[in-house]
Amino acid sequence: MDKLDLTIRHGTVATAAETTRCDIGIVGEKVVAIAEHLPAGARDIDASGRYVLPGGIDSHCHIEQLSGMGIMSADDFYSGTVSAAFGGTTTIIPFAAQHRGTSVTTTVADYHERARTKAVIDYGFHLIIGEPTDKILNEELPAAIKGGITSFKVYMTYPKWKLEDYQLLEVLNVAQREGALVMVHAENDDMIRWIAKHLIERGHGAPKFHGVAHDALAEAEATHRIIALSRLLSVPVLIVHVSSPEATNTIRAAQTFGAQIFAETCPQYLVLTAEDMDKPGVEGAKWCCSPPLRDKAAQEAIWAGLANGTFQVFSSDHAPYKFDATAKIPRGDQTTFKEMANGVPGIEMRLPILFSEGVLKGRLSINQFVALGATNHARMYGLYPRKGTIAIGSDADIAIWNPDIEQRIDYSMMHDAVGYTPYEGHVYKGWPEIVTSRGRIVVEGGALKVERGSGQFIVRGQPGPVAATQTAKIDGPARKLRSLIR
Ligand code: DUC
Ligand code: ZN
Ligand code: ZN
């Protein structure tokens, strides 16, 4: 065997399928050898006592993006990807957000430009479709899909992005025709707006009322509705950032009878609750995200959904907004929950939280951890097997985890540009020590080892569920409709 460029030896290697004690050999950007014993490469890492895992994939994060409320996120493609890498993530799929009045083509070109010179790890994009005009649906979206952007997000709430059911059907129809996966933010806009108006009129503008306005029934209703729309056309849908027991149970039930419904949840719903929003003044704005934090019972339901397979992907929904007048508190201590940017940072904490609270506390196996944090994202979003696993021929994107390190979270440990972490003071055990991306060591010894702009855009293939649908026999309510409407 030719000399290996990099070897990682004596570690416990876990994929989504199995756990083995073996050595890994890398040449250039690829894994080329996996064996019980390999000779040391030009660079040799001793991974004794460590887990050697596929680098994480974070398929839901907002980087250098203008939100639905028109607010710029704090992280650009440099700080966002550096922060991701320090948390054991080697690929991100943030959003290229199409705002009304801007074409998808311009949007995509814009985001390519933002990322190209800054990202330190690999990335793709999902599109956010804010305005599904005929031109966008029939010309611009198909072109973006051909360019490797094979998934897009739609919103059932937020005035600037909300799509009507009719528009959602149009988008699902295009996704089916073009082979793309639709991600959905499922909350009932009218319920939220109605509750919020009445709360604000009565002077209940404090951050904790954000949780009241975004009642779990708003999430449950929209979840039901998008499932019905998906079933009507037999088009797979992935429901993002699921937070409540009602929505989780609804998704589980739909999956049980064969609907093509996939789901994602996020770290904030596992370890934070609505009580975190209940702080003096507007401090609680730091914990305002949508859907909002719920209660302990909801945390348990989400953990159960991770363990039993209701959720395929665990993403950060990193939505980094500064606690200042640019984002979280535009009117200082007079800001009401309706005026605050929605979202919490978490790109760096995503995997450490799942490892500590999931794997080390016995809720998930190490293989489930790998599936939820990496492999299923690759399968869902058309990156597999190049990304998301450790196999011969796959990109050498690897995170070496030390399960014995315990740390109390302090914002100075983070590498993002947000200025705070909602996990301040929490204690988590198990951290990535060395992270590689396409064979390059990205993080080692607490330091960044690569240059700005060294990450690459990854052209994604057809998403897994979509490919499966196209060969599957179509059943249920869609069958008759499909025979009449092509
Ligand atoms: N939706 C997201 O996906 N992220 C942050 C806020 C939101 O509403
Ligand atoms: Zn959302
Ligand atoms: Zn999001």
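Everything below is about the structure shown above.
Please read all numbers here as calculations on a predicted model, not as lab measurements.

1. As for the environment of K338
Within the secondary structure, K338 is located in the loop between β14 (313–314) and α11 (350–359). As for K338 and I200, which are separated by 138 residues in sequence, their C-alpha atoms are 8.4 Å apart. With residues near it in sequence (within four places) discarded, K338 still touches M69, I192, A196 and I200.

2. Here's the deal with the coordination of the zinc ion (ligand 2)
Binding of the zinc ion (ligand 2) to the protein goes through K153 (NZ), H185 (ND1) and H241 (NE2), at separations of 2.1 to 2.2 Å. Taken as an interatomic distance, the gap from the zinc ion (ligand 2) to the zinc ion (ligand 3) is 4.2 Å. In this pair, K153 is assigned in strand β10 (residues 151–155) and H241 in the loop between β12 (237–239) and α8 (245–256), connecting sequence segments 88 residues apart.

3. A look at the packing of helix α2 (residues 104–116) against helix α3 (residues 134–146)
At their nearest, the axes of α2 and α3 sit 9 Å apart, and the two run at 25 degrees to each other. The pairing of α2 with α3 is recorded here as roughly parallel in orientation. Counting all contacts with α2, which are made through V104, T105 and V108, the residues of α3 involved are I136, E140 and A144. Here the contact of α2 with α3 is built from residues that sort into four nonpolar, one polar and one charged.

4. Remarks on the coordination of the zinc ion (ligand 3)
Bound to the zinc ion (ligand 3) on the protein side are H60 (NE2), H62 (NE2) and D317 (OD), at distances that span 1.9 to 2.0 Å. Summarised as a motif, the one-chain spacing of the donors to the zinc ion (ligand 3) is H-x1-H-x254-D.

5. What to know about the packing of α11 against helix α12 (residues 366–380)
Two quantities define a packed helix pair, namely the angle between the helix axes and the distance between the axes. Viewed as axis vectors pointing N to C, α11 and α12 meet at an angle of 155 degrees, and their least axial separation amounts to 9 Å. With respect to their mutual orientation, α11 and α12 come out roughly antiparallel. Of the two possible hands of crossing, α11 and α12 adopt the one that is right-handed. The segment α11 lies against α12, with R350, L351, L354, F355 and V359 engaging I366, F369, L372, G373 and H377. Among the residues making up the contact of α11 with α12, the classes are represented as seven nonpolar, two polar and one charged.

6. Some words on the site of ligand 1
Taken together, H60, H62, K153, Y158, H185, H241, S290, D317, A319 and N342 make up all the residues around ligand 1. The contact in question runs from an oxygen atom of ligand 1 to an N or O atom on the side chain of H60, over 3.0 Å. A distance of 3.3 Å separates a nitrogen atom of ligand 1 from a polar atom in the side chain of H185. Considering ligand 1 on its own, with 240 Å² of exposed area, one finds that the protein chains cover 95% of that surface. The class makeup of the residues in the shell around ligand 1 is two nonpolar, six polar and two charged.

7. So, the packing of aromatic side chains
Going through the model one piece at a time under the given rule, you end up with 12 aromatic pairs. Judged by centre distance (6.1 Å) and plane angle (55 degrees), the ring pair of F77 and Y123 falls under tilted. Separated by 46 residues along the polypeptide, F77 in helix α1 (residues 77–86) and Y123 in strand β8 (residues 122–123) bring together distant segments of the chain. The exposure classification of F77 matches that of Y123, with both residues buried. Measuring from centroid to centroid gives 4.9 Å for F355 and W401, while their planes differ by 15 degrees, and the two rings are stacked. Here the residue F355 occupies a position in helix α11, and W401 occupies one in strand β15 (residues 398–408), the gap between them amounting to 46 residues. Each member of the pair, F355 together with W401, is buried. Site record: aromatic cluster; members linked through ring pairs are F77, Y111, Y123, F125 and F457.

8. Some thoughts on the pattern of salt bridges
Going through the model one piece at a time under the given rule, you end up with 28 salt bridges. R50 serves as the salt-bridge partner of E433, at 2.6 Å between the closest nitrogen and oxygen. Here R50 lies in the loop between β4 (43–46) and β5 (51–54) and E433 lies in strand β16 (residues 427–437), a separation of 383 residues in the sequence. A relative accessible area of 23% means that E433 is categorised as partly exposed. Using a relative accessible area of 24% as the deciding quantity, one classes R50 as partly exposed. Three or more residues are tied together by salt bridges with common partners; here these are E29, K30, D122, R386, K387, D395, D397 and R438.

9. Quick word on the pairing of β15
A regular strand places its side chains on the two faces of the sheet in alternate fashion. One ladder, built from four bridges, connects β5 with β15; its direction is antiparallel. Looking at β15, one finds that P54 is bridged to I398. Judged from the eight bridges that link them, β15 and β16 form a sheet pairing that is antiparallel. Bridge pairing in β16 places Q407 opposite Y428.

10. What about unusual backbone geometry?
With an omega dihedral of -10 degrees, the bond running from S290 to P291 counts as a cis peptide bond. With respect to the element layout, P291 can be found in the loop between α9 (268–271) and α10 (296–308). Cis rather than trans, the peptide bond between Y384 and P385 has omega equal to 0 degrees. Inspection of the secondary structure assignment puts P385 in the loop between α12 and β15. One non-glycine residue, H10, lies in positive phi territory at about 70 degrees. Judged by relative accessible area, which is 34%, H10 ranks as partly exposed.

What counts as what
Residues numbered from 1 in each chain as written. Chains lettered and ligands numbered in written order. Predicted model: local features only at pLDDT ≥ 70, side-chain atom pairs only at ≥ 80, totals over all residues. Heavy atoms only, no water. Helix = DSSP H or I, 4+ residues; strand = E, 2+ residues; numbered from the N terminus. Contact = heavy atoms within 4.5 Å. Donors = N, O, S within 2.8 Å, 3.2 Å for Na, K, Ca; no water. Axes fitted to C-alpha atoms, helices over the stretch in contact; angles between N-to-C directions. Parallel < 35°, antiparallel > 145°, perpendicular 65-115°, else oblique. Nonpolar A, V, L, I, M, F, W, Y, C, P; charged D, E, K, R; others polar. Left-handed = near helix turned anticlockwise from the far one by under 90°. Near = heavy atom within 4 Å. Polar contact = N/O pair within 3.5 Å; in protein donor to acceptor, adjacent residues only side chain to side chain. Areas by Shrake-Rupley, 256 points an atom, 1.4 Å probe, with all protein chains shown as cover. Phe/Tyr/Trp six-rings, centres within 6.5 Å; stacked < 30°, edge-to-face > 60°. Buried < 20%, exposed > 50% of the residue type's maximum accessible area, 1.4 Å probe, protein only. Salt bridge = Lys/Arg side-chain N within 4 Å of Asp/Glu carboxyl O. Pairing = 2+ DSSP bridges.

Note that all results are geometric; they support no functional claim without further evidence.
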